[in-house]
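Observations on the three-dimensional arrangement
Residues per chain are reported as follows:
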Amino acid sequence: MPWRRRASDQSLTREGRIWTLWSVGVVVTFGLPAALLIWIEPLAFPVSAILLGHGIAVLHLQVRRGARGVKAISEASDRAERTAIGLLGDLVGHEARELLAKTGLALERGRLGAWLVGQEGAILVRPGGHRVHCFCVRVGEGEDLPPGDRVAHLLLALREDEEGFATVANRNFSGATWRLRWQLPAEARPALSRASLA
Amino acid sequence: MSRLIRLDRTGHTALARWTAADVASQQAAVEAFRRELDEGMLASTTLPDGSAEVVRELPLDADLVVLRRPIAGG
């Protein structure tokens, strides 16, 4: 993807700030008129509530998109999937194998932070654990692959070239880790906690 | 024994196995490797530090070489 600037530690930090500015913009855009309305006419409270609700919904949808894009793997249901998960287990370390079995996400430590890799995307937890970036990325023509193999594909690509991986992947969301935690399925949350500590 | 595997719809398929002592098995592995690369697969081998490397020639000293498809933004 020559038209995309190669991702780096600095570019991710910059993108994170832009996402934060965007979130603040949404809060101000909907929150300010809501507050103004109540100040002018307290009886306009329902309209203020609708405005506020709209703003919250926009923020909520963005995080949900990030959380759903990753897609954890579930328990193996056929032979191909068992074979794929077996190989994936061999590729990851002991600690990541346990986490994979529990949460369906593969933990991989990199220079940019700790990654949680799923079937169709990855979550990057930045050093310190307070900010996440959600990426949407898939295997080219990979519809026929068992879910475990899709994760193995993405994991290998990530190990080969972490910055290249972050460049190719599309951004879904960047923001505070706690916001993403709310939207992740309960089974996947321990993976986010582990990655935040990594 | 070293292995060349392809990630595919079956989970994975072992395409070749070779040893340092068996030249014929090495040649068969190299041919299988080239065939897969010609079909657009990427080959990856894990390095001692845990990272991986894309290879264009079959590293005969590697334990495991994995063939995978390219990735794309979702």
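Residues numbered from 1 in each chain as written. Chains lettered and ligands numbered in written order. Predicted model: local features only at pLDDT ≥ 70, side-chain atom pairs only at ≥ 80, totals over all residues.

**So, the pairing of strand E1 (residues 106-109) of chain A**
All names here are of chain A. Taken together, the four bridges between E1 and strand E2 (residues 114-117) define a ladder with antiparallel strand orientation. In the sheet register, Leu107 faces E2, and the bridge partner there is Leu116. Connecting E1 to the next strand, E2, in antiparallel fashion are four residues, including Gly113 with a positive phi near 150°. (Pairing = 2+ DSSP bridges. Helix = DSSP H or I, 4+ residues; strand = E, 2+ residues; numbered from the N terminus.)

**Things to note about the confidence of the model for chain B**
Residues and elements named next belong to chain B. On average, residues of chain B carry a pLDDT of 91, and 99% of them reach 70 or more. Of all helices and strands in chain B, the one with the weakest mean pLDDT is strand E6 (residues 71-73) (86), whereas helix H1 (residues 23-38) scores best (95). Here the prediction assigns the complex a pTM of 0.90, and the interface score ipTM is 0.89. (pLDDT = per-residue confidence, 0-100.)

**Some thoughts on the sheet that holds strand E3 (residues 42-46) of chain B**
The pairing of strands in a sheet comes from backbone hydrogen bonds and takes either a parallel or an antiparallel form. Strand order in the open sheet made by the five strands is E2-E1-E5-E3-E4 (chain B), with mixed pairing throughout. The open sheet terminates on both sides in strands that have one partner only, identified here as strand E2 (13-18) and strand E4 (52-55) of chain B. Between one strand axis and the next, the sheet turns through 25° on average, direction left out of account. Direction of pairing for E3 of chain B relative to E4 of chain B: antiparallel, over a ladder of four bridges. What sits directly across from Ser44 of chain B, in E4 of chain B, is Val54 of chain B. Taken strand by strand, helix H5 (residues 147-160) of chain A contacts E3, E4 and strand E5 (64-68) of chain B, and its axis lies near 95° from that of E4 of chain B. (Axes fitted to C-alpha atoms, helices over the stretch in contact; angles between N-to-C directions. Contact = placed C-beta atoms within 7 Å.)

**Re the interface of chain A and chain B**
Facing the 29 residues of chain A at the interface are 18 residues of chain B. Every element with two or more residues in the side of chain A that touches chain B is listed here: helix H3 (79-91), strand E4 (131-139) and H5 of chain A. Split by residue class, the side of chain A that touches chain B holds 14 nonpolar, seven polar and eight charged. Pairing of E4 of chain A with E6 of chain B, which is carried by three bridges, proceeds in the antiparallel orientation. Its bridge partner lying in E6 of chain B, Arg138 of chain A is registered against Ala72 of chain B. (Nonpolar A, V, L, I, M, F, W, Y, C, P; charged D, E, K, R; others polar.)

**Notes on helix H4 (residues 94-103) of chain A**
Residue and element names in this part refer to chain A. For H4, the full list of buried residues reads Ala96, Leu99, Leu100 and Thr103. Down the axis of H4, the smallest arc covering the buried residues is 105°, so these residues share one side. Looking at H4, the residues exposed on the side facing more than 90 degrees away from the buried face are His94 and Ala101. (Buried ≥ 20, exposed ≤ 12 C-beta atoms within 10 Å, placed from the backbone. Arc of directions from axis to C-beta.)

**Points about the packing of helix H1 (residues 9-40) of chain A against helix H2 (residues 45-70) of chain A**
Residue and element names in this part refer to chain A. One can describe the packing of H1 onto H2 by two numbers: an axis separation of 8 Å at closest approach and a directional angle of 175°. Here H1 lies roughly antiparallel to H2, going by the angle between them. For the pair H1 and H2, the contacting residues are Ser23, Val26, Val27, Thr29, Phe30, Gly31, Pro33, Ala34, Leu37 and Ile38 in the first and Phe45, Val47, Ser48, Leu51, Leu52, His54, Gly55, Val58 and Leu59 in the second. Across the contact of H1 with H2, the residue classes tally to 13 nonpolar, six polar and no charged. (Parallel < 35°, antiparallel > 145°, perpendicular 65-115°, else oblique.)

**Focus: the nonpolar core**
Residues and elements named next belong to chain A. Leu105, Ala106, Leu116, Val117 and Ala122 are the most contacted members of the largest nonpolar core, which has 64 residues in total. With seven residues, H5 is the single largest residue contributor to this core. Contact partners of Ala106, with chain neighbours within four places excluded, come to Leu88, Val92, Ala96, Leu100, Val117, Val151 and Leu155. (Core = buried A, V, L, I, M, F, W, Y, C linked by C-beta atoms within 7 Å.)

**Thoughts on helix H8 (residues 189-197) of chain A**
Residues and elements named next belong to chain A. Along H8, the positions that sit buried rather than exposed are Ala191, Leu192, Arg194 and Ala195. Buried positions in H8, seen along its axis, are confined to an arc of 165° and lie on one side of it. Against H4, E1, E2, strand E3 (121-125) and helix H7 (177-183) lie the buried residues of H8.

**A short note on unusual backbone geometry**
Residue and element names in this part refer to chain A. The backbone of Lys71 shows a phi angle near 60°, a positive value even though the residue is not glycine. Assignment of secondary structure puts Lys71 in the loop between H2 and H3. Lys71 gets classed as buried once you count the C-beta atoms within 10 Å, which come to 21.

**Some words on the pairing of E3 of chain A**
All names here are of chain A. Within E3, five of the five residues are buried, which leaves it mostly tucked inside the rest of the structure. Of the two faces of E3, the one carrying Gly121, Ile123 and Val125 and the one carrying Ala122 and Leu124 are both buried. Bridge analysis of E2 against E3 gives four bridges, and the strand direction is antiparallel. Bridge pairing in E3 links Val117 to Ala122. Between E2 and E3, which pair antiparallel in sequence order, lie three residues.

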